[in-house]
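Read off the chains here:
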Amino acid sequence: MWQKTKPYLLLLPAIGTIVLLFFGGLFDGLLKSLGYFPAIGETRFDLTTYTDLLRSTEFWESLLLTLRVAALSSVIAGVLGAAVAISLYWLNESAKSGTTQVWHRLFQLPLTIPHLVGGYIIVLLFMQSGFISKILATLGFIDEIPDFPVLVNDPFGWGIIMTYAWKEAPFVSLMIYPVLSRIHRSWRDVSRIFGAGNWNFIREIVLPVMLPAWTIATFIVFVFTFSAFEVPFLLGVTYPNMLPVYSYQLYTSGTLADRPEALAVNIILAVLTILLGLVVYYFSKRWNVLKGWD
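Every residue gets a number counted from 1 within its own chain, in the order that chain's sequence is written. It should be noted that, the model being predicted, local features are given only for residues of pLDDT at least 70 and side-chain atom pairs only at 80 or more, the latter also being counted only at that level, while totals for whole chains, interfaces and linings use all residues. With hydrogens and water set aside, each side-chain value is computed from the structure's full complement of heavy atoms.

What follows deals with the overall build of the protein chain. Counting from the N terminus, the helices are DSSP H or I runs at least four residues long and the strands are E runs at least two residues long. Along the backbone of the protein chain there are 12 helices and zero strands. Helices and strands appear in the protein chain in the N-to-C order α-α-α-α-α-α-α-α-α-α-α-α. The buried share of the protein chain, taken over its 294 residues, is 36%. Here, two residues are considered to be in contact whenever any of their heavy atoms come within 4.5 Å of each other. Long-range pairs, those at least 24 residues apart, make up 70% of the contacts in the protein chain between residues at least 6 apart in sequence. Think of it in three bands: with a 1.4 Å probe and only protein chains considered, a residue is buried below 20% of the maximum accessible area for its type, exposed above 50%, and partly exposed in between.

So, in structure tokens, the structure goes:
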């Protein structure tokens, strides 16, 4: 009995601390967002903070920007990651293992770069006076450097989208590739016997097999981008801001009376993330059962 419970007892202090800090902070933020904030003399519970926030144009514009950036970043990263995973799978089927390992390491390289550094690389490359605009002007594709489109610190969020797309694509491929490696070589041989080409094999076998894992990986990227702070803070504009930056500015630049609104933004972020997670989990389990991978 002791041998079975010993690992859990040894982990209990660390797990207890994490749970206490995370859920304690979440509970404290929920209380303050509901109006219970003794530091400013508020001890009654109400929904005034949420009603004021939902009536705010700035909040809805920030939410729209956050959803747009998170959705486009996750979809682009998902498509790139799927293409990389399928390419690695196909390479593994037709090439030597040594060559495959080299390509694996190459595609995983962006995972070693911090997001803040990745954002700074995008600034150096794609700002109007960056490397790419200078190269295009030198080659004659644009007349002057200012003719290069604004892709960094732009209202649409292209700089943020590009950063997360190329940074998270290797993560998506890393999640998908182990699933593709479970495809038996005999399936490919059988498909050849029935006259299926490479595209038919990918469409009928590879894509259905990797779809559940791809959905989960893309959702993880969406959640991470949806609640990320450092890259939107570096590459965003002053207005509108993504919700994490909007919450940070409310919390730091305002008075104590503005902090319940900042915490309410975080609570809304958490609730939306949980709801989306439940939806994705439901469909993922259904796909796994239907495909017989459980």
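From this point, the narrative continues.
Time to look at the side chain of threonine 225. Residue position: threonine 225 is located in helix α9 (residues 198-226). At a separation of 2.8 Å, a polar atom in the side chain of threonine 225 contacts the main-chain carbonyl oxygen of valine 221. When near neighbours in sequence (up to four residues on either side) are disregarded, threonine 225 contacts Val69, Ala70, Ser73, Tyr164 and Met242. Contacts described as polar in this section are N or O atom pairs within 3.5 Å, which, within protein, must combine one atom able to donate a hydrogen with one able to accept it, while residues neighboring in sequence count only if both atoms come from side chains.

Further remarks concern a nonpolar patch on the surface. Residues forming no salt bridge and having over 30% relative accessible area are the ones grouped into patches, like charges within 9 Å of each other and nonpolar side chains (Val, Leu, Ile, Met, Phe, Trp, Tyr) within 5 Å. To be clear on the numbers: accessible area is Shrake-Rupley with a 1.4 Å probe, and residue cover counts the displayed protein chains and nothing else. Here a salt bridge means any side-chain nitrogen of Lys or Arg lying within 4 Å of a carboxyl oxygen belonging to Asp or Glu. A surface patch of nonpolar side chains, amounting to about 840 Å² of accessible area, comprises Leu116, Tyr120, Leu124, Phe131, Ile135, Leu139, Phe141 and Leu234. Of all the secondary structure elements, the ones that give two or more residues to the nonpolar patch are α5 (115-126) and α6 (131-139). Considering the arrangement of structural elements, one finds isoleucine 135 in helix α6.

Here the focus is helix α7 (residues 158-180). A helix is expected to span 1.5 Å multiplied by its residue count minus one. Along its 23 residues, α7 runs 31 Å from first to last C-alpha, staying within 8% of the 33 Å computed at 1.5 Å per residue. The sharpest bend along α7 reaches about 35 degrees and sits at glutamate 168, with the proline proline 170 one to four residues further on. Consider a residue and the seven residues that end there alongside the seven that start there; fitting an axis to each set, the bend is the angle between those axes.

Under the pairing criterion, centres of Phe, Tyr and Trp rings, with the six-membered ring standing for Trp, must be within 6.5 Å; the plane angle then separates stacked pairs below 30 degrees from edge-to-face pairs above 60, leaving the rest tilted. Using the criterion set out here, one finds seven aromatic pairs in the structure. Between phenylalanine 156 and tryptophan 158, the ring centres sit 4.7 Å apart and the planes meet at 25 degrees, which makes this aromatic pair stacked. A relative accessible area of 36% means that tryptophan 158 is categorised as partly exposed. Members of the aromatic cluster, each reached through a chain of ring pairs, are Phe229, Phe233 and Tyr248. The ring centre of phenylalanine 156 lies 4.3 Å from the NZ or CZ of arginine 68, which sits over that ring. Definition used: whenever NZ (Lys) or CZ (Arg) falls within 6 Å of the ring centre and also within 35 degrees of the ring normal, the charge is taken to sit over that ring.

Below, the discussion takes up the packing of α5 against α7. α7 packs onto α5 with a crossing angle of 125 degrees between their chain directions and a minimal axis gap of 9 Å. Put simply, α5 runs oblique to α7. In the packing of α5 onto α7, the handedness of the crossing is right-handed. Here His115, Gly118, Gly119, Ile122 and Phe126 of α5 come into contact with α7, specifically with Gly159, Met162, Thr163, Tyr164, Trp166, Lys167 and Glu168. Split by residue class, the contact of α5 with α7 holds five nonpolar, five polar and two charged. With axes taken as lines fitted to C-alpha atoms, and helix axes fitted only over the stretch in contact, angles between N-to-C directions fall between 0 and 180 degrees. Each angle gets one of four labels, with under 35 degrees taken as roughly parallel, over 145 as roughly antiparallel, 65 to 115 as roughly perpendicular, and the rest as oblique. In this scheme the crossing of two helices becomes right-handed for a clockwise turn of the near helix relative to the far one and left-handed for an anticlockwise turn of less than a right angle. Residue type decides the class: Asp, Glu, Lys and Arg count as charged, Ala, Val, Leu, Ile, Met, Phe, Trp, Tyr, Cys and Pro as nonpolar, and the leftover types, Gly among them, as polar.

What pLDDT reports is the predictor's confidence in each residue, on a scale of 0 through 100. Here the protein chain averages 79 in pLDDT, and 85% of its residues register 70 or above. Per-element confidence in the protein chain is highest for α7, whose mean pLDDT is 87, and lowest for helix α8 (residues 185-193), whose mean pLDDT is 63.

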